[in-house]
Amino acid sequence: MMRFKEEKEAKKEAFRKYLESSGVLDSLTKVLVALYEQNDKPSSALEFIQQKLGGPSVSDYEKLQAEKSDLQIKYNELFAKHQETLRELDGMKSLHSRNSSKDDEDREAIEDEHTALVPPHH
């Protein structure tokens, strides 16, 4: 049982050293001190901490969500228009291909008629 406690304490100490070496403890301490020193405590301590650590405020987050939603709607509209344009282009290509085939057939028919009318030169 003693061995388990020692391993657990060693893991805790390793984690503490990791947080300290990566600057997390220092950053959290500074933010908590700033919160403590506030004369008028914010209504949301969590939001205060998030802002001090560089995260967006709740209102900023909501604005970003609304903007993302608007952009998704615009994207969907543009994508649908793009798909429609591709269908129109495919239709035009198909029509052009049929017309080209018909022109080739007409040209061959005219050449056949011409060949039949004009005797070969010897």
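Refer to the structure presented above.
So, how was this worked out
- Numbering of residues begins from 1 in every chain and follows the order in which that chain's sequence is written.
- Note on the predicted model: pLDDT of at least 70 is required for a residue's local features to be given, and 80 or more for side-chain atom pairs to be given and counted; whole-chain, interface and lining totals, by contrast, use all residues.
- Excluding hydrogens and water, the side-chain figures rest on all heavy atoms present in the structure.
- Only DSSP runs of H or I with at least four residues qualify as helices, and only runs of E with at least two residues qualify as strands; both kinds are numbered from the N terminus onward.
- Only protein chains enter the accessibility calculation, which uses a 1.4 Å probe; a residue is then buried when its area is under 20% of its type maximum, exposed when over 50%, and partly exposed in between.
- All accessible areas in this document rest on Shrake-Rupley with a 1.4 Å probe, and a residue is counted as covered only by the protein chains that are shown.
- By definition here, a salt bridge exists when the distance from a side-chain nitrogen of Lys or Arg to a carboxyl oxygen of Asp or Glu is within 4 Å.
- Each Phe, Tyr or Trp ring (for Trp, its six-membered ring) is paired with any other whose centre lies within 6.5 Å, and the angle between the two planes then decides the class: stacked below 30 degrees, edge-to-face above 60, tilted in between.
- When the NZ atom of lysine or the CZ atom of arginine is within 6 Å of a ring's centre and also within 35 degrees of its normal, the charge is said to sit over that ring.
- To get an axis, a line is fitted to the C-alpha atoms, and for a helix only the part in contact is used. The angle between two axes follows their N-to-C directions and goes from 0 to 180 degrees.
- Roughly parallel covers angles under 35 degrees, roughly antiparallel covers those over 145, roughly perpendicular covers 65 to 115, and oblique covers all other angles.
- Each helix crossing is assigned a hand: it is left-handed if the near helix lies turned anticlockwise from the far helix by less than a right angle, otherwise right-handed if that turn is clockwise.
- Residues count as neighbours in contact if any of their non-hydrogen atoms are within 4.5 Å of one another.

Colleague: Got a sec to walk through the overall build of the protein? Specific residues and values, please.
Modeller: Looking only at helices and strands, the protein has four helices and zero strands in total. Taking all 122 residues of the protein together, the buried fraction comes to 4%. When the accessible surface of the protein is totalled, it reaches about 11300 Å², and 57% of it is carbon and sulfur.

Colleague: Any chance you could break down the pattern of salt bridges for me, citing the residues and the numbers?
Modeller: By the definition in use, this model includes five salt bridges. Among the salt bridges present, the one from Glu20 reaches Arg16, with a minimum N-O distance of 2.6 Å. Taken as a pair, Glu20 and Arg16 lie in helix H1 (residues 2-21) at a separation of four residues, close to a single helical turn. Among the charged side chains, a salt-bridge network with shared partners connects Glu13, Arg16 and Glu20.

Colleague: Go over the packing of aromatic side chains with me, naming the residues and quoting the values.
Modeller: One pass over the structure, following the stated rule, counts two aromatic pairs. Between Phe15 and Tyr18 the ring centres are 6.0 Å apart and the planes differ by 35 degrees, which places this aromatic pair in the tilted class. In this pair, Phe15 and Tyr18 are both assigned in helix H1, three residues apart and thus about one turn of the helix distant. Consider the rings of Tyr75 and Phe79, whose centres lie 5.9 Å apart with planes at 20 degrees: the pair is stacked. Separated by four residues within a single helix, Tyr75 and Phe79 lie in helix H4 (residues 58-117), roughly one turn from each other. Against the face of Tyr36 rests Lys41, its NZ or CZ located 5.8 Å from the ring centre.

Colleague: Report on the packing of helix H2 (residues 24-37) against helix H3 (residues 45-52), specifying residues and quantitative values.
Modeller: Where H2 contacts H3, the axes come no closer than 10 Å and their chain directions differ by 130 degrees. In terms of orientation, H2 lies oblique with respect to H3. Pair H2 / H3 crosses with right-handed handedness. In this structure, H2 contributes Val31, Leu32, Ala34 and Leu35 to the contact, and H3 contributes Ala45, Phe48, Ile49 and Lys52.

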